[in-house]
Number of protein chains: 2
Amino acid sequence: MKKPIYLDYASTTPTDPLVVQAMTPFFFESFGNASSPHSIGQKARKALEDSRAVLANFIGAKPSEIVFTSGASEGNNQAILTLALSLFGKGRHVIISAIEHHSVLECAKRLGKLGFQVDLVKPQPDGIVDSASMIQLIREDTILIALHHANNEIGVIQPVEEIGVVARQKGICFLVDATQTVGHIPVDVKKISCDLLSLSAHKFYGPQGVGALYAREGIHLEPRLYGGDQETGRRAGTQNLPGIVGLGQAIELCQKKMEKEAREQAALRDYMIEFVLTNIKGSSLNGHRQMRLPNNAHFSFEKINGEELVTALDMAGIAISQGSACKWGTLEPSHALKALGLSDELALGSLRVSIGRWTSKEDVDCFLEQLKSVIEKLRK
Amino acid sequence: MKKPIYLDYASTTPTDPLVVQAMTPFFFESFGNASSPHSIGQKARKALEDSRAVLANFIGAKPSEIVFTSGASEGNNQAILTLALSLFGKGRHVIISAIEHHSVLECAKRLGKLGFQVDLVKPQPDGIVDSASMIQLIREDTILIALHHANNEIGVIQPVEEIGVVARQKGICFLVDATQTVGHIPVDVKKISCDLLSLSAHKFYGPQGVGALYAREGIHLEPRLYGGDQETGRRAGTQNLPGIVGLGQAIELCQKKMEKEAREQAALRDYMIEFVLTNIKGSSLNGHRQMRLPNNAHFSFEKINGEELVTALDMAGIAISQGSACKWGTLEPSHALKALGLSDELALGSLRVSIGRWTSKEDVDCFLEQLKSVIEKLRK
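The structure reproduced in this document is the subject of the present report. Everything numeric in this text was worked out from a predicted model, so none of it was measured.

Parameters at a glance
Residues numbered from 1 in each chain as written. Chains lettered and ligands numbered in written order. Predicted model: local features only at pLDDT ≥ 70, side-chain atom pairs only at ≥ 80, totals over all residues. Heavy atoms only, no water. Helix = DSSP H or I, 4+ residues; strand = E, 2+ residues; numbered from the N terminus. Rg over C-alpha atoms; globule rule 2.2 N^0.38 Å. Buried < 20%, exposed > 50% of the residue type's maximum accessible area, 1.4 Å probe, protein only. Contact = heavy atoms within 4.5 Å. Areas by Shrake-Rupley, 256 points an atom, 1.4 Å probe, with all protein chains shown as cover. 1 Å grid on protein atoms, 1.4 Å probe; cavity = no way out; pocket = protein on both sides within 12 Å on 5 of 7 lines; lining within 4 Å. Points joined across faces, edges and corners; volume = space filled by probe spheres on them. Nonpolar A, V, L, I, M, F, W, Y, C, P; charged D, E, K, R; others polar. Axes fitted to C-alpha atoms, helices over the stretch in contact; angles between N-to-C directions. Parallel < 35°, antiparallel > 145°, perpendicular 65-115°, else oblique. Left-handed = near helix turned anticlockwise from the far one by under 90°.

Bringing the overall build of chain A into the picture now. The helix and strand tally for chain A stands at 13 helices and 12 strands. Its C-alpha atoms give chain A a radius of gyration of 21 Å, within 12% of the compact-globule value 21 Å for 380 residues. Taking the principal axes of the C-alpha coordinates as reference, chain A spans close to 65 × 55 × 35 Å. Considering chain A as a whole, with its 380 residues, one finds that 64% of them fall into the buried category. Of the contacts formed within chain A by residues at least 6 apart in sequence, a portion of 74% connects residues at least 24 apart. About 13900 Å² of surface is accessible on chain A, with carbon and sulfur atoms providing 53% of the total.

Rendered as structure tokens:
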């Protein structure tokens with residue numbers, strides 16, 4: 001059977017073979033516990049610190065500001081639950097966009113139960129969260145603002161810098177979930193003026209199960225996972241050496257390839273959008289036309305059930321999804337699409353196309369052809 | 001330079017090349033997000049559920065009772081903090097052995113701050129926690145008991161079954177940290193009668209960064225990491241597919257090899273203990289002579305600084321440590337050794353020898369020769 005065409009890079013990327021190659025020696029030949037005192041441990045520690053330096057440099061941070069985690073969900077949990085709880089005495093008001101990832105929203109819900117007041121800010125119909133609306137909610141007792149860098153479903157890029165400058169000025173902690181942007185568009189913690197930034201390696205051709213949380217110097221970050229002194233006391237548990245080495249290698253590859261890939265993917269994305277809106281009746285693009293990730297196009301189709309569409313495309317050899325993998329199977333329309341103001345019909349009739357390093361023009365053409373024909377069949 | 005002889009398997013094991021081989025296709029060829037709806041996601045889910053079934057079968061559990069985590073530290077955090085907090089209304093008393101891993105002790109300390117009363121039970125001088133002493137501390141409001149299966153420093157195996165039967169009878173939640181035993185000696189959650197059991201793949205020749213928490217059916221386990229619906233709502237975050245496949249493969253290898261390895265390692269262990277006690281003056285074995293892990297020997301040496309000993313052995317080509325890697329560099333004597341009643345001198349003059357799958361008789365002989373000569377030099 002022919003290998004499916006993969007158009008679900010936003011859900012997880014394949015790990016680049018060069019990343020796997022870089023990781024491989026650290027399983028057996030150069031394995032080690034980075035906290036062990038002997039030379040094998042020291043070598044493990046060296047490899048780990050090299051990766052930390054590579055990542056720090058890539059996002060404009062200091063190595064000491066990087067905490068390795070098991071992924072962005074863990075980072076968001078630590079950033080919100082641990083940090084907000086430690087600031088409980090200072091204030092109990094939190095501002096969060098309504099279209100954050102579930103790991104942010106669920107933590108915010110938890111804060112609500114623990115006595116915090118949480119203001120959710122809806123995006124405009126184009127998916128952009130208006131920074132002025134967010135800023136005007138700031139109160140004396142606001143301790144945390146969270147706005148993701150780009151949305152995981154509709155791919156819209158948010159005006160994080162506009163929030164960052166105000167948050168910094170007012171001394172409010174600012175969390176940016178950059179899971180969808182690191183390795184795809186430039187991310188600079190200094191330009192954003194954020195205090196916390198979360199990321200996952202498996203979204204930029206690194207391995208699953210590893211990520212990092214940037215915590216600005218001066219931010220007192222309690223661990224979410226207690227135990228050993230790893231990560232300077234900010235995250236317990238034996239460090240995932242091959243995973244962290246893989247993350248570093250993935251960053252090095254992005255450093256070389258990102259600019260060209262973003263340009264090429266944006267061209268393919270625009271080509272897809274143009275084709276769909278022109279050739280498929282009752283189709284619409286969700287999210288801002290320009291302010292979106294180079295690799296994301298998100299559509300709604302009238303009179304189409306998105307789950308049926310995904311299944312039919314899967315049978316036609318296209319691996320694609322409606323949106324977030326984290327909440328698949330719930331049958332409910334996506335919270336992000338509802339927040340845009342979409343009807344249930346259009347929210348449920350949606351499709352996220354996310355392309356990546358190994359997507360060719362031929363893949364896209366094959367997909368577009370299938371999409372058109374499948375939609376016609378489903379509507380009959 | 002010759003490769004060092006590795007005698008620190010209790011800290012982390014190399015990942016078995018067969019495990020790496022099993023993992024490799026899941027990075028690029030058969031990669032996928034196990035929560036994605038399409039066939040690639042379904043295949044990922046199938047591989048993940050296969051690993052879950054293998055692990056469940058190995059420890060006498062049902063697949064639905066297994067929650068994949070990033071490792072035992074995370075599992076212990078979830079078991080203690082999440083569970084105890086959810087039982088706050090039922091009772092606020094917790095019983096824990098004084099020689100638990102730091103991830104258990106630190107969580108217990110945290111519980112103490114949150115209004116729980118925590119009783120720490122010291123072991124006997126032979127390292128065994130007397131089950132009667134633990135049981136007699138049980139009160140009406142006791143909601144959790146934690147006792148590890150074997151200690152990570154001195155390797156003593158604990159009478160977990162004796163605690164299990166009483167805890168089950170009284171309806172008290174019982175957590176067993178089995179990080180040191182899974183894959184080394186038989187572990188059966190039914191025989192132990194535990195409600196929760198934590199483990200880490202990198203202690204039994206699987207990869208770092210992945211582990212599991214067994215939670216008995218009927219135990220309501222809230223997530224420690226909130227977000228997506230992964231792991232039936234008990235642990236958010238994209239599942240680490242290659243890591244979980246590696247864990248499963250590591251279990252399959254242990255299933256085949258454990259009995260023979262345990263027998264051979266126990267023979268080498270006894271040979272080492274005999275040699276050291278006979279040939280090195282002022283040496284003593286820490287922990288019970290028989291009730292210990294087949295791969296662990298833990299010594300104290302009079303008039304020896306353990307850090308100097310580890311460094312000197314490292315220079316002689318032996319990678320070994322004093323004890324837990326998680327607290328290395330603190331200069332304080334180990335909490336476990338202090339709990340045994342050792343003097344500061346003997347606690348600081350200690351050495352943990354932990355052998356494994358690739359340790360030969362020649363390695364052990366070379367180590368013993370070096371140990372004798374290094375100790376003589378250091379004492380001059």
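There's more to say after this.
Moving on, we come to empty space enclosed by the protein. Scanning all chains against the criterion turns up 10 cavities of 30 Å³ or more. Taken as a whole, the largest cavity holds about 460 Å³ of empty space. Around the largest cavity sit 44 residues that line it, and Gly237 and Thr238 of chain A together with Ser73, Ser200 and His202 of chain B are the ones nearest its centre. Looking at the lining of the largest cavity, the elements with two or more residues in it are β2 (66-69) and α8 (230-233) of chain A together with α3 (72-86) of chain B. Per-element tally for the lining of the largest cavity: the top contributor is α3 of chain B, with three residues. A breakdown of the residues in the lining of the largest cavity according to their chemical character gives 13 nonpolar, 24 polar and seven charged. In this model, the second largest cavity occupies a volume close to 340 Å³. For the second largest cavity, the lining is made up of 31 residues, of which Ser73, His101, Thr179 and Lys203 of chain A together with Thr238 of chain B are closest to its centre. At four residues, the largest contribution of residues to the lining of the second largest cavity is made by helix α3 (residues 72-86) of chain A. Grouping the constituent residues of the lining of the second largest cavity by class yields seven nonpolar, 19 polar and five charged.

Turning our attention to the packing of helix α10 (residues 306-315) of chain B against helix α13 (residues 361-379) of chain B. Residues and elements named next belong to chain B. Contact geometry of α10 with α13 gives a least axis separation of 10 Å together with a crossing angle of 130°. Taken as axis vectors, α10 and α13 run oblique relative to one another. For the pair α10 and α13, the crossing hand works out as right-handed. Residues Glu308, Leu309, Ala312 and Leu313 of α10 form the contact with α13, whose participating residues are Phe367, Gln370, Leu371, Val374, Ile375 and Leu378.

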